[in-house]
Amino acid sequence: MISFSLQPTTAQTPPAAAATATTRSFLLPYHCAHQLSSSSFPAQQLHSGRRQGYRVRAIDAAQPYDYEAHLVNRFTQSTKLKIAIVGFGNFGQFLAKAFVRQGHIVFAHSRSNYHSIAQSVGAAFFSDLHDLCEQHPDVILICTSIISTESVLRAMPLQRLRRNTLFVDVLSVKEFPKNIFLQLLPNHFDILCTHPMFGPESGKHSWQNLPFVFDKVRIGDEESRVARVETFLDIFKKEGCTMVEMTCAEHDKYAAGSQFITHTMGRILEKLELESTPINTKGYETLLNLVENTASDSFDLYYGLFMYNKNAMEQLERLDLAFEALKKELFGHLHEVLRKQLFGKAEEGGFRRPMLAKLPKNGTPLLPPQSETVANKNN
């Protein structure tokens, strides 16, 4: 609707008469505005013997169709995603804050009721997966534990999603979710496997320069689907992450030698129940921080790193061999007399201090300890 304020005006109207002239307002639908003409109102009226006309003084309503604003709105909407986070625990909430901060629409689902938390970060919570999928999100982000991923994916009502929905995971292992996605998802769904190499603790202040690993496993050729993947990755680029594209197999190989070892050492130190002292060194502070960072994660995460990464067992065996070799070198440097007191006469004669042997490189078969080899030869 458009409001017109019309005021009588003529060149001959005396000032006194003009002051007493009546101002009339008319409210018209916008589509009728173009019909406003001299025929709509009397072109002239007798006022004190003078001729009088009308003119438009103001248009109070904004134009109902602003093409420029429409284009801006379309562009804004094209760069925003509807992201459904399945698994709204600590890590899911951590990511949701960044998504909302960048203007994306966030839905959330979890076994536990996180309605109030979701509301506090600007997300909509759905306790039922069917209701979530009926929102037709652009992205389904799997944020569950590693060991529950398959069961969650099997329970998802895929028929309620749009046929080109993008599935993304953020698990700490990559070949396992990749294979599950390829096995359970129809070919018309896109697949992006990712791993932010940080968490709520290490990334609580900033994501600047923190690694974000991704593998475009299966992306449709349509321009809109390619653009959607780039829009999702841009979320992490804008937060300052170092973007690292590599295959899922490469990720698991590197992660077993870094992430799994880190978590293992943190768990071992946690068993020692280390405590802060008045004379902490920088190195000891680092160990305490390691315990804090790893212990804050669930044991399911650590178990998943071991169970669903085929390279983890090799790293565990290498860690055991390294510890045994280090003990042998340490004991070998004890004074010979002290060794006789500790270990008896069995150590007398021809004793040579053992040195720490170099372990085989990653991926090479692990040989049995030298003592076992000698024993087998003597038999």
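What counts, and at which threshold
Residues numbered from 1 in each chain as written. Predicted model: local features only at pLDDT ≥ 70, side-chain atom pairs only at ≥ 80, totals over all residues. Heavy atoms only, no water. Core = buried A, V, L, I, M, F, W, Y, C linked by side-chain atoms within 4.5 Å. Buried < 20%, exposed > 50% of the residue type's maximum accessible area, 1.4 Å probe, protein only. Helix = DSSP H or I, 4+ residues; strand = E, 2+ residues; numbered from the N terminus. Phe/Tyr/Trp six-rings, centres within 6.5 Å; stacked < 30°, edge-to-face > 60°. Patch = residues over 30% accessible without salt bridge, like charges linked within 9 Å, V, L, I, M, F, W, Y side chains within 5 Å. Areas by Shrake-Rupley, 256 points an atom, 1.4 Å probe, with all protein chains shown as cover. Salt bridge = Lys/Arg side-chain N within 4 Å of Asp/Glu carboxyl O. Pairing = 2+ DSSP bridges. Axes fitted to C-alpha atoms, helices over the stretch in contact; angles between N-to-C directions. Parallel < 35°, antiparallel > 145°, perpendicular 65-115°, else oblique. Contact = heavy atoms within 4.5 Å. Nonpolar A, V, L, I, M, F, W, Y, C, P; charged D, E, K, R; others polar. Expected span 1.5 Å × (residues − 1). Bend = angle between axes of the 7 residues up to and from the residue. Right-handed = clockwise from strand over helix to strand, strands pointing away.

Below, the discussion takes up the nonpolar core. If you look at the biggest cluster of nonpolar residues, it comprises 34 residues, and the most contacted ones within it are Leu-95, Phe-99, Leu-141 and Phe-232. Of all the secondary-structure elements, those providing two or more residues to this core are strand E5 (82-86), helix H3 (90-101), strand E6 (105-109), helix H4 (115-121), strand E8 (139-142), strand E9 (166-169), strand E11 (211-218) and helix H8 (223-238). Of the residues forming this core, the biggest block, six residues, is contributed by H3. Among the nonpolar cores identified, the runner-up in size contains 31 residues, and Phe-126, Ile-140, Phe-176 and Phe-181 belong to it.

Evaluation of the coordinates by the stated rule reveals 17 aromatic pairs. With centroids separated by 5.3 Å and ring planes inclined at 75 degrees, the aromatic side chains of Phe-167 and Phe-189 adopt a geometry described as edge-to-face. Of this pair, Phe-167 sits in strand E9 while Phe-189 sits in the loop between helix H7 (175-184) and strand E10 (190-196); the two residues are 22 residues apart in sequence, bridging distant segments of the chain. For Phe-167, a relative accessible area of 0% puts it in the buried group. Consider the rings of Phe-212 and Phe-236, whose centres lie 4.0 Å apart with planes at 20 degrees: the pair is stacked. One end of the pair, Phe-212, is in strand E11; the other, Phe-236, is in helix H8, with 24 residues separating them in the sequence. As far as burial versus exposure is concerned, Phe-212 and Phe-236 are alike and both buried. Grouping aromatic residues by their ring pairs yields a cluster made of Phe-91, Phe-94, Phe-99, Phe-198, Trp-207, Phe-212, Phe-232 and Phe-236.

Among the surface-exposed residues, Ile-147, Phe-299, Tyr-303 and Met-307 lie close enough to one another that they form a single nonpolar patch of about 390 Å² accessible area. The topology assignment puts Ile-147 in the loop between E8 and helix H6 (149-155). Taking relative accessible area as the criterion, Ile-147 reaches 34% and is therefore assigned partly exposed.

Once that is clear, we can look at the sheet that holds E10. With mixed pairing, the eight strands of this open sheet are ordered in space as E7-E6-E5-E8-E9-E10-E11-E12. The open sheet terminates on both sides in strands that have one partner only, identified here as strand E7 (124-125) and strand E12 (242-245).

Turning next to the packing of helix H9 (residues 248-271) against helix H10 (residues 282-295). Axis separation between H9 and H10 bottoms out at 8 Å; the angle between their running directions is 105 degrees. Considered as vectors, H9 and H10 are oriented roughly perpendicular to each other. Between H9 and H10, the residues in contact are Thr-262, His-263, Met-265, Gly-266, Arg-267, Leu-269 and Glu-270 and Leu-287, Leu-290, Val-291, Thr-294 and Ala-295, respectively. Its residues assigned to classes, the contact of H9 with H10 shows six nonpolar, four polar and two charged.

We now examine H9. Counted at 1.5 Å a residue, the expected span for H9 with its 24 residues is 34 Å, and the 32 Å between its end C-alpha atoms agrees. Ala-255 marks where H9 bends most, by close to 50 degrees. Listed in full, the buried residues belonging to H9 are Cys-248, His-251, Asp-252, Ala-255, Ala-256, Gln-259, Phe-260, His-263, Thr-264, Gly-266, Arg-267 and Leu-269. On its buried side, H9 packs onto H7, E10, E11, H10, helix H11 (299-307) and helix H12 (312-332). Within two residues after H9, Glu-273 carries a phi angle of roughly 55 degrees, on the positive side.

Our next topic: the environment of Lys-237. With respect to the helices, strands and loops of the structure, Lys-237 is situated in helix H8. When its relative accessible area of 41% is taken as the criterion, Lys-237 is described as partly exposed. Each C-alpha atom, one on Lys-237 and one on Phe-212, is 8.9 Å from the other, the two residues being 25 residues apart in sequence. If we skip the residues at most four places from it in the chain, Lys-237 touches Glu-230 and Met-243.

Burial along E9 is two-sided: Leu-166 and Val-168 facing one way and Phe-167 and Asp-169 facing the other are all buried. Where E8 meets E9, four bridges bridge the pair, whose relative direction is parallel. Bridging across to E9, Ile-140 finds its partner in Phe-167. Handedness of the crossover is the feature at issue here: the chain leaves E8, passes through H6, returns alongside E9, and the resulting connection is right-handed. The pairing of E9 with E10 spans four bridges and is parallel. Within E10, the residue paired with Asp-169 across the bridge is Cys-193.

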